[in-house]
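The primary structure of each chain is shown beneath.
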Amino acid sequence: MEDALVFTYEVDGDDFTRAGEASSDVKNKLKKMGVNPQAVRKVAIAMYEGEINMVIHANGGKITVWLTPECLKMELRDRGPGIENVEKAMEEGWSTAPDDIRSLGFGAGMGLPNMKKYSDKMEIETVLGTGTTITMEVNL
């Protein structure tokens, strides 16, 4: 995306103490820039859900955000096992999160559905044994 502001974040796998820092940082930057509050909310929710998924399921990864006056694009590239069944993973309530993660209040199976719901465009590329890249866009 030409002429875009670009932000990058490393997400550590299994580090719940830092999970959400990237989405919180982007949310704060957008608020300071005076971006429409509804768009800020959509970005914050979609990115947070993706970030948490990277921590729970994917050994972390990298998030790149491109910001233009018209759109915010997020690319979440993880180091996980890939998604075995994307169609099933998109069903509300379906989760592969282990019990210890569920006991922390995560893994309710709403991550991918919420990412789709709160973005204007979402694409999933996944390779078993290699990882998943999710690209989302929110119109500003």
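Residues numbered from 1 in each chain as written. Predicted model: local features only at pLDDT ≥ 70, side-chain atom pairs only at ≥ 80, totals over all residues. Heavy atoms only, no water.

**Student:** Just to check I follow, could you spell out the overall build of the protein for this structure?
**Tutor:** Within the protein, the regular secondary structure consists of 5 helices and 5 strands. Overall, the protein shows an N-to-C arrangement of helices and strands of β-α-α-β-β-α-α-α-β-β. The C-alpha radius of gyration computed for the protein amounts to 14 Å, which stays within 12% of the reference 14 Å derived for 140 residues, consistent with globular compactness. For the C-alpha atoms alone, the extent of the protein along its principal axes is close to 40 × 25 × 25 Å. Of the contacts formed within the protein by residues at least 6 apart in sequence, a portion of 62% connects residues at least 24 apart. With an accessible surface of roughly 7700 Å², the protein has 47% of that area assigned to carbon and sulfur atoms. Treating the 16 positive side-chain charges of the protein as one cloud and the 23 negative ones as another, the clouds have centres 5 Å apart. (Helix = DSSP H or I, 4+ residues; strand = E, 2+ residues; numbered from the N terminus. Rg over C-alpha atoms; globule rule 2.2 N^0.38 Å. Contact = heavy atoms within 4.5 Å. Areas by Shrake-Rupley, 256 points an atom, 1.4 Å probe, with all protein chains shown as cover. Lys, Arg positive; Asp, Glu negative; His and termini not counted. Charge placed at Lys NZ, Arg CZ, Asp CG, Glu CD.)

**Student:** Mind showing me how you'd approach the pairing of strand 2 (residues 60-67) here?
**Tutor:** Consecutive side chains of a regular strand alternate in pointing toward one face of the sheet and then the other. Within strand 2, 7 of the 8 residues are buried, which leaves it mostly tucked inside the rest of the structure. With 7 bridges joining them, strand 2 and strand 3 (residues 71-78) adopt antiparallel strand pairing. In the strand pairing of strand 3, Trp-66 is matched with Lys-73. Linking strand 2 back to strand 3 in an antiparallel pair, the connection comprises 3 residues. (Buried < 20%, exposed > 50% of the residue type's maximum accessible area, 1.4 Å probe, protein only. Pairing = 2+ DSSP bridges.)

**Student:** Just checking my understanding: could you explain the nonpolar core for this structure?
**Tutor:** The tendency in soluble globular proteins is for nonpolar side chains to be buried as a group. Counting 34 residues, the largest nonpolar core has Ile-63, Val-65 and Met-74 as the members making the most contacts within it. Of all the secondary-structure elements, those providing two or more residues to this core are strand 1 (5-12), helix 1 (21-32), helix 2 (37-57), strand 2, strand 3, helix 5 (111-117) and strand 5 (131-139). Of the residues forming this core, the biggest block, 9 residues, is contributed by helix 2. (Core = buried A, V, L, I, M, F, W, Y, C linked by side-chain atoms within 4.5 Å.)

**Student:** Please explain the pairing of strand 3 as it appears in this structure.
**Tutor:** When you tally the buried positions in strand 3, you get 6 out of 8 residues, the bulk of the element. Alignment of strand 3 against strand 5, held across 7 bridges, turns out to be antiparallel. Pairing of Met-74 across the sheet is with Met-136, part of strand 5.

**Student:** Quick question: what am I supposed to make of the packing of aromatic side chains here?
**Tutor:** Describing an aromatic ring pair means giving the distance of the ring centres and the angle of the ring planes. Taken as a whole and assessed by the stated rule, the structure comprises 1 aromatic pair. Judged by centre distance (4.9 Å) and plane angle (25°), the ring pair of Phe-16 and Phe-106 falls under stacked. Of this pair, Phe-16 sits in the loop between strand 1 and helix 1 while Phe-106 sits in the loop between helix 4 (99-102) and helix 5, and the two are 90 residues apart along the sequence. The class of Phe-16 is partly exposed, set by a relative accessible area of 24%. Residue placement shows Lys-73 over the ring face of Trp-66; its charged tip is 5.4 Å from the ring centre. (Phe/Tyr/Trp six-rings, centres within 6.5 Å; stacked < 30°, edge-to-face > 60°. Lys NZ or Arg CZ within 6 Å of the ring centre and 35° of its normal.)

**Student:** Explanation requested: the environment of Ala-44 in the structure shown.
**Tutor:** Along the chain, Ala-44 turns up in helix 2. Overall, the relative accessible area of 16% leaves Ala-44 in the buried class. The spatial distance from the C-alpha of Ala-44 to the C-alpha of Thr-132 is 20 Å, given a sequence separation of 88 residues. Beyond its immediate stretch of four places on either side in the chain, Ala-44 contacts Ser-23 and Lys-27.

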